[in-house]
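Observations on chain architecture
Here's the letter readout for the chains.
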Amino acid sequence: MTDAVRAALRAQRIEVPSWAYGNSGTRFKVFAQPGVPRTPQEKIADAAQVHKYTGVAPVVSLHIPWDKVDDYAALAKHAEDLGVRIGGINANVFQDDDYKLGSVTNPDPAVRRKALDHLLECVDIADLTGSRDIKLWFSDGTNYPGQDSIRARQDRLADALQAVYERLGDGQRILLEYKLFEPAFYTMDVPDWGTAYAHCLRLGPKAQVVIDTGHHAPGTNIEFIVAFLLREEKLGAFDFNSRFYADDDLMVGAADPFQLFRIMHEIVSAGALDASSGVNFMLDQCHNIEPKIPAQIRSVMNVQEATAKALLVDAAALDAAQLAGDVLGSNGVLMDAYNTDVRPLLADVRQEMGLDPDPMGAYARSGYFEKIAADRVGGQQAGWGA
Ligand code: LRH
Ligand code: MN
Ligand code: MN
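Predicted model only: the values in this text are computed from it and were never measured. (Residues numbered from 1 in each chain as written. Chains lettered and ligands numbered in written order. Predicted model: local features only at pLDDT ≥ 70, side-chain atom pairs only at ≥ 80, totals over all residues.)

The next point concerns the overall build of the chain. Scanning the chain for helices and strands turns up 14 helices and twelve strands. Expected size for 386 residues packed as a compact globule is a radius of gyration near 21 Å; at 21 Å, the chain falls within 12% of this value. Expressed along its principal axes, the backbone C-alpha trace of the chain runs to roughly 60 × 60 × 40 Å. Counting over 386 residues, the chain shows a buried share of 47%. Sequence-distant contacts in the chain: of pairs separated by 6 or more residues, those separated by 24 or more amount to 78%. (Helix = DSSP H or I, 4+ residues; strand = E, 2+ residues; numbered from the N terminus. Rg over C-alpha atoms; globule rule 2.2 N^0.38 Å. Buried ≥ 20, exposed ≤ 12 C-beta atoms within 10 Å, placed from the backbone. Contact = placed C-beta atoms within 7 Å.)

Moving on: the confidence of the model for the chain. Averaged over every residue, the pLDDT of the chain is 97; the share at 70 or more is 98%. Listed scores for the predicted complex are pTM 0.97 and ipTM 0.99. (pLDDT = per-residue confidence, 0-100.)

A large share of strand β5 (residues 85–90) lies buried, amounting to five of its six residues. As paired strands, strand β4 (residues 59–63) and β5 are joined by four bridges and run parallel to one another. Directly across from V60, in β5, lies its bridge partner I86. Handedness of the crossover joining β4 and β5 through helix α3 (residues 72–81) is recorded here as right-handed. In this fold, β5 hands off to helix α4 (residues 109–129), which returns the chain to strand β6 (residues 133–137); that crossover is right-handed. (Pairing = 2+ DSSP bridges. Right-handed = clockwise from strand over helix to strand, strands pointing away.)

Attention now goes to the environment of L345. Relative to the elements of secondary structure, L345 occurs in helix α12 (residues 343–352). Between the C-alpha atoms of L345 and A217, which are 128 residues apart in sequence, the distance is 35 Å.

We now examine the UniProt feature "domain: Xylose isomerase-like TIM barrel" (unreviewed entry) in the chain. Mapped onto the present numbering, the UniProt feature "domain: Xylose isomerase-like TIM barrel" (unreviewed entry) falls on residues 47–266. Annotation note: span residues 47–266, helix share 40%, strand share 17%, distance between end C-alpha atoms 28 Å. (UniProt positions renumbered as here; feature names shortened; annotations may be inferred.)

With that settled, consider the nonpolar core. Soluble globular proteins tend to bury their nonpolar side chains together. Membership of the largest hydrophobic core comes to 101 residues, with the highest contact counts inside it found for I134, L136, I174, L176 and V209. Broken down by element, this core gets its largest block of residues, ten residues, from helix α9 (residues 292–311). Every residue in contact with L136, bar those within four places of it in the chain, is listed here: A91, L119, I174, L175, L176 and E177. (Core = buried A, V, L, I, M, F, W, Y, C linked by C-beta atoms within 7 Å.)

Once that is clear, we can look at the packing of α4 against helix α5 (residues 150–167). As a packed pair, α4 and α5 sit with axes 10 Å apart at the nearest point and diverge in direction by 30°. Relative to α5, the element α4 is oriented roughly parallel. The element α4 and its partner α5 pack so that their crossing is right-handed. Along the contact surface, α4 presents R112, A115, L116, L119, L120 and V123, while α5 presents R156, A160, A163, V164 and R167. (Axes fitted to C-alpha atoms, helices over the stretch in contact; angles between N-to-C directions. Parallel < 35°, antiparallel > 145°, perpendicular 65-115°, else oblique. Left-handed = near helix turned anticlockwise from the far one by under 90°.)

In this section: the packing of α3 against α4. Closest axis-to-axis distance for the α3/α4 pair is 8 Å, and the angle between their directions is 45°. The angle between α3 and α4 falls in the class oblique. The two elements α3 and α4 meet at a crossing, and its hand is right-handed. Across from Y72, A73, L75 and A76 in α3, the residues of α4 making contact are I125, L128 and T129. Taken together, the residues of the contact of α3 with α4 sort by class into six nonpolar, one polar and no charged. (Nonpolar A, V, L, I, M, F, W, Y, C, P; charged D, E, K, R; others polar.)

This part is about the environment of A163. Inspection of the secondary structure puts A163 in helix α5. Once the C-alpha coordinates of A163 and N339 are considered, the two residues, 176 residues apart in sequence, prove to be 48 Å apart.

The subject of this paragraph is the pairing of strand β12 (residues 280–283). Neither face of β12 is left uncovered, since the one carrying N280 and M282 and the one carrying F281 and L283 both have all their residues buried. In this view, the connection linking strand β11 (residues 235–240) to its parallel neighbour β12 by way of helix α8 (residues 257–269) has right-handed handedness.

Structure representation (structure tokens):
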């Protein structure tokens, strides 16, 4: 039992976002931090630090054009030289003036063409970086009743998705992300998992849904969505983060570690933790006021802790209690696992992996922060408040 848990923890993989290392903030203020990366290459170098001290975060997502470079194959090589690789390519059709009324659902065909060209460019980039995932999130929607046809916008969305789907190479897939609101406040064109699921179902097996944990109405039962999509083989990935109110993009496991455990329990009990399941565990966070590399390390550790607890659930006892209709017994099995202190186990697993048992301390002692703070002047903004 413990051997299997340890092996699963050693094999776990978490993908970090390049944009977590840049300066970020809210629409009120972006706070500049010392040592922040000036280039995509430096963002990847920072991400490599997270992997160096956790051993389970060897993949970095890019966001285009935030991470635009002339030579993507060279960027992939740079990542490899640092011991990591490039993961998902995140499209960005939300920050140009042209997209005021939408991107792929815009009533103007010229704007739709521009947006689709960008999505196709992201597939080209994925070819160069060897990436499997093309991740699509659309800020498209409307603010006022009557502003545009809800149905026509769905048609335009479906057309764009179909064109991207047809361009996918072997082994590539579309990951479609939904969001309840923001920036649009009346309708979003992909507001929820049901809409994303329906589009992915029509497209085919190479289209799956992304669950960004911050993109739901308060109180939404996210683990139900996880269980449902897994059953339909339509769960492609997570964008992990925490929220107290809306799309807060705080550190995963900070606001509600119990929710994270419940999500990981669904993953573990469906056998979907392993990379072969195709579920990609990504972080999508912004560290507006806290130092960024340690915040990413902490986030990875939070996911590991929730995973370790989920792996400790006594599946046989849970099964027996559930089949016996033992409500309190089955809940008790789950809570026993959740209330276990897994930090000593994880410290041990890290030592088995040849790592320092204390990733936060090891990074702080490494001197990396002092070095980047001295070397890097004029760090980049992450993009927009993400
Ligand atoms: C949208 C979102 C999406 C973007 C990211 C920066 O709120 O979650 O994943 O790509 O933020
Ligand atoms: Mn997201
Ligand atoms: Mn978001």
